[in-house]
Amino acid sequence: MAQADSSRSLDPIKYEIYSHRLYNILEEGRITIRRVTGSAMVAEGGETLCSFYMSDGTPVLTASGILLHCTGARDFVLKAIEWYEDDPGIYDGDQLLFNDPYIGGQHLCDHIIIKPIFYDGRRIAWCGSFMHTPETGAISPGGMPGHATNIWQEGVAFKGLKIVEAGKFRPDVFNTVCGHSRDPHLVGLDTKAKIAANNVCAKRLMSLIEKYGLEFVEAANARIIEDSEKMVRARLLSLPDGVWRSRLYGDTDGLGEKPYRVVCTMTKKGDKIIFDYTGSSPQNAGSLNSTLPATWGSLFVVLASQLFWNVSWNGGMLRPVMLIAPEGTVVNCRYPAAVSRGVVSAGNMVTATAHACIARMLLAADHIDEVNSVWRGASGPSVSFGGINQHGERAAGQILEGFASGLGATPYRDGVDTGGEMMNPTSNIADVEVLESGLPFLYLSRCQASDSGGPGRFRGGTGIEMVYAVYGARSLEVGLQGSGRRSPVNRGICGGYPASIKEVRVARNSNITELWKQGQSVVSFDEIDRLEAQHVLMPACSPSGPMYEYDIISPRRDGGGGYGDPLERDLDRVADDVATGLVSRLAAERFYGVALDGCTGKPNIQETESLRKQLRNGRLKPE
């Protein structure tokens, strides 16, 4: 209580300076990671997180490029205290490595290193650095095997290895961690990047203690948490009480096509809010499951983005929030269920269903400026790979270009095209040349995917599509991760349609080299049909299999959901979208009811009125 009382009496100017400096220290930690790592998804995509915690593990502040881990990082600190406080002890200079998804994080790819911070012999805080490490030594390359049926097939779970002990780097632990992967050099760089970031964050925090004093720092940290909780409760009190529901369906369990559902019932009363996922399907046989810590992380994504967007990311934000996730379901699977692709399936569906509920609540409150349709749903299809690259070195990992996703439409405008990813507030995608320099792929194109955004009076933002060839490697193991091949995994609102499904085309033994000699190529998903090849339309989730040099892969992602009835969309907007290739002529007629002149590309008013009348009448007919 004394600390809480002292936090209220802090000098307001000094407190604001301190809190901003604390955040900038964490950003400096993230910059450190990006300079040391060898991973393009981290160095350019920004998929990393640095956090400070109270001595008992309560999150104080987070600087994140990946909101999924704001809650999961806390759980590792708590477990370290529970397990190792007495034996072998937690000492100044220690750093501990975790990645067990049944403790925190999303899957074994999520490695965190946490560091206790001591002052005058007393532990006064923790810092932690988190990132996606793209190779775990699983049964297939990339650490995300959809066909895994238990956690042991997904790699090695580290449960707090002291990779730095009393300030001394431990090569025995380091070599063991790296040796369990297909790409030990990359895993080693990632590991050292997190250690370096922790060293930077801890050193900078000590400088603040020297400047302001320990009493002020501890009181200010408590105040940051208190302020977040107060802002969240005030926000909830300003919104109407009620119950909102949403559900989505997945189409594969990782082993084959099998439908499953994620159901969210959101109840808001006073200054509290409950997200109840009762009614979700039993856990999947494959790896498309979410642990309870992972589901908390997926829920945090939408809370931070759509509901409490002006609140600092820490433990205070979650105090008024309750999560109900029945054990044994896809949103709270039982150990030892496989979970490696849960984040790109059930986890993102947790985010999307909660988003739909929040959007409807904001509409009921007449907060129109804050409403947007669901962004692209479950991630994927993403490519995972492993083999020998063009430099003769072992290489494994994933190509994550989902950070260029389509955003949901709003009541006033279209969703942003290839604009970002809700789970990563600093979304970016790696430069093509950077990817090509280290990976055995040659990009033929990367562009916005036609018809990928959900139709509506305002269209959902478009997704992204890529075409690339295996290049510089005689043979490569390639697999796909994701969901949504058969059923869209996001929704529009107020009459808006969902985004497109996800698709991947593969062309084996193609004549692409002959086209190159003629000065031609293929530059879109639809153009793959031009190739003389063995064509395969892949499932969104498939095990790794061999591909050979010049085989072609083309993943096509979905976009954001639409807002409002597409038959009410402005005709000139539809014409502009067709002219720029964001919407096809077929979709303009089928969804928007707009007939375009074959020569000018302008709307034919008479034919459009007739077509829209026909579509409206068709809605009235019983199925």
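Just so it is clear, the model here is predicted, and its values are computed rather than measured. (Residues numbered from 1 in each chain as written. Predicted model: local features only at pLDDT ≥ 70, side-chain atom pairs only at ≥ 80, totals over all residues. Heavy atoms only, no water.)

A. Quick look at the sheet that holds strand β14 (residues 441-448). Spatially, β14-β15-β20-β17-β18 is the arrangement adopted by the five strands of the open sheet, whose pairing is antiparallel. One side of each edge strand has no neighbouring strand; the edge strands of this open sheet are β14 and β18 (534-538). Neighbour to neighbour, the strand axes of the sheet diverge by 15° on average, direction disregarded. Pairing between strand β17 (residues 503-508) and β18: five bridges, direction antiparallel. Each bridged residue has a counterpart across the sheet, and for Ala507 the counterpart in β18 is His535. (Pairing = 2+ DSSP bridges. Helix = DSSP H or I, 4+ residues; strand = E, 2+ residues; numbered from the N terminus. Axes fitted to C-alpha atoms, helices over the stretch in contact; angles between N-to-C directions.)

B. Geometry of the packing of aromatic side chains. All told, the structure shown has 15 aromatic pairs when counted by the stated rule. Look at Trp152 and Tyr335: their rings are 6.0 Å apart centre to centre, the planes differ by 90°, and that puts the pair in the edge-to-face class. With a gap of 183 residues between them, Trp152 in the loop between β5 (122-132) and β6 (159-165) and Tyr335 in the loop between β11 (321-324) and α10 (346-364) connect regions that are remote in the sequence. Between the aromatic rings of Tyr443 and Tyr468, the centroid separation amounts to 4.9 Å while the plane-to-plane angle is 50°, which identifies the pairing as tilted. Note that Tyr443 is positioned in strand β14 and Tyr468 in strand β15 (residues 464-470), a separation of 25 residues in sequence. Both residues of the pair, Tyr443 and Tyr468, count as buried. In textbook terms, an aromatic cluster arises when at least three aromatic residues are bridged by ring pairs, as seen for Phe385, Phe441, Tyr443 and Tyr468. (Phe/Tyr/Trp six-rings, centres within 6.5 Å; stacked < 30°, edge-to-face > 60°. Buried < 20%, exposed > 50% of the residue type's maximum accessible area, 1.4 Å probe, protein only.)

C. Structural detail: the sheet that holds strand β16 (residues 475-481). The four strands are arranged β13-β12-β16-β19 in an open sheet whose pairing can be described as antiparallel. Since the sheet does not close on itself, it has two edges, and those belong to β13 (394-399) and β19 (542-548), each with one partner. When strand polarity is set aside, the average angle formed by the axes of neighbouring strands in this sheet is 20°.

D. Layout of the nonpolar core. One finds Phe275, Tyr277 and Leu299 to be the most contacted residues of the largest nonpolar core, which totals 105 residues. No other element matches α10, which puts eleven residues into this core. In contact with Phe275, other than residues within four places in its own chain, are Cys264, Thr265, Met266, Leu299, Leu303, Val321, Met322, Leu323, Ile324, Ala354 and Ile358. Counting residues in hydrophobic clusters, the runner-up holds 37 residues, among them Ile124, Ala197, Val217 and Ala219. (Core = buried A, V, L, I, M, F, W, Y, C linked by side-chain atoms within 4.5 Å. Contact = heavy atoms within 4.5 Å.)

E. Here's a closer look at helix α13 (residues 571-579). Within α13 the residues assigned to the buried category are Leu571, Val574, Ala575, Asp577 and Val578. One side of α13 carries all its buried residues, which in axial view fall inside an arc of 160°. In this structure, the buried residues of α13 make contact with α14 (585-590) and α15 (605-620). Directly after α13, the chain includes Gly581, whose backbone phi takes a positive value near 85°. (Arc of directions from axis to C-beta.)

F. Expanded view of the pattern of salt bridges. In total, this model carries 34 salt bridges according to the counting rule given. For the salt bridge of Lys517 with Glu514, the shortest nitrogen-to-oxygen distance reads 3.6 Å. Residue Lys517 and its partner Glu514 are both found in helix α12 (residues 512-517); the two are separated by three residues, about one turn of the helix. The class of Lys517 is exposed, set by a relative accessible area of 66%. Residue Glu514 is classed as partly exposed on the basis of its relative accessible area, which comes to 38%. Ionic pairing is found between Arg530 and Glu527, a salt bridge with its closest N-O pair at 3.5 Å. Salt bridges here are not isolated pairs; linked through shared partners, they connect Asp414, Asp417, Arg459, Arg569, Arg573 and Asp577. (Salt bridge = Lys/Arg side-chain N within 4 Å of Asp/Glu carboxyl O.)

G. Structural detail: helix α2 (residues 12-36). Compared with the 36 Å implied by 1.5 Å per residue over 25 residues, the 37 Å span of α2 between its first and last C-alpha is a close match. Check the buried side of α2 and you find it contacts α3 (40-43), β1 (48-54), β2 (59-64), β5, α6 (184-212) and α7 (214-237). Capping the start of α2 is the job of one residue whose side-chain oxygen sits 3.1 Å from the backbone nitrogen of Ile13: Asp11. (Expected span 1.5 Å × (residues − 1). Polar contact = N/O pair within 3.5 Å; in protein donor to acceptor, adjacent residues only side chain to side chain.)

H. Representation of the environment of Gly160 in the model. Structurally, the position occupied by Gly160 is in strand β6. Once residues lying within four places of it in the same chain are set aside, the contact partners of Gly160 are Tyr84, Leu96, Leu97 and Phe98.

I. Fine view of the layout of surface pockets. Its volume calculated, the largest pocket comes out at about 550 Å³. In terms of lining, the largest pocket is formed by 35 residues, of which the most central are Gly38, Ser39, Ala40, Leu186 and Leu439. A per-element tally of the lining of the largest pocket places β13 first, with six residues. Class assignment for the residues of the lining of the largest pocket results in 17 nonpolar, twelve polar and six charged. (1 Å grid on protein atoms, 1.4 Å probe; cavity = no way out; pocket = protein on both sides within 12 Å on 5 of 7 lines; lining within 4 Å. Points joined across faces, edges and corners; volume = space filled by probe spheres on them. Nonpolar A, V, L, I, M, F, W, Y, C, P; charged D, E, K, R; others polar.)

J. Structural context of empty space enclosed by the protein. The final tally for this structure, using the stated rule, is five cavities of 30 Å³ or more. By volume, the second largest cavity is sized at about 100 Å³. Considering the residues around the second largest cavity, the lining is formed by twelve residues, among which Asn348, Thr351, Arg376, Glu421 and Met422 are closest to the centre. Looking at the lining of the second largest cavity element by element, the count peaks at four residues for α10. Residue composition of the lining of the second largest cavity, grouped by class: six nonpolar, four polar and two charged.

K. Looking closely at the packing of helix α5 (residues 171-179) against α6. α6 packs onto α5 with a crossing angle of 130° between their chain directions and a minimal axis gap of 8 Å. With respect to their mutual orientation, α5 and α6 come out oblique. When you trace α5 past α6, the crossing you get is right-handed. In this structure, α5 contributes Phe174, Val177 and Cys178 to the contact, and α6 contributes Pro184, Val187, Gly188, Thr191 and Lys192. (Parallel < 35°, antiparallel > 145°, perpendicular 65-115°, else oblique. Left-handed = near helix turned anticlockwise from the far one by under 90°.)

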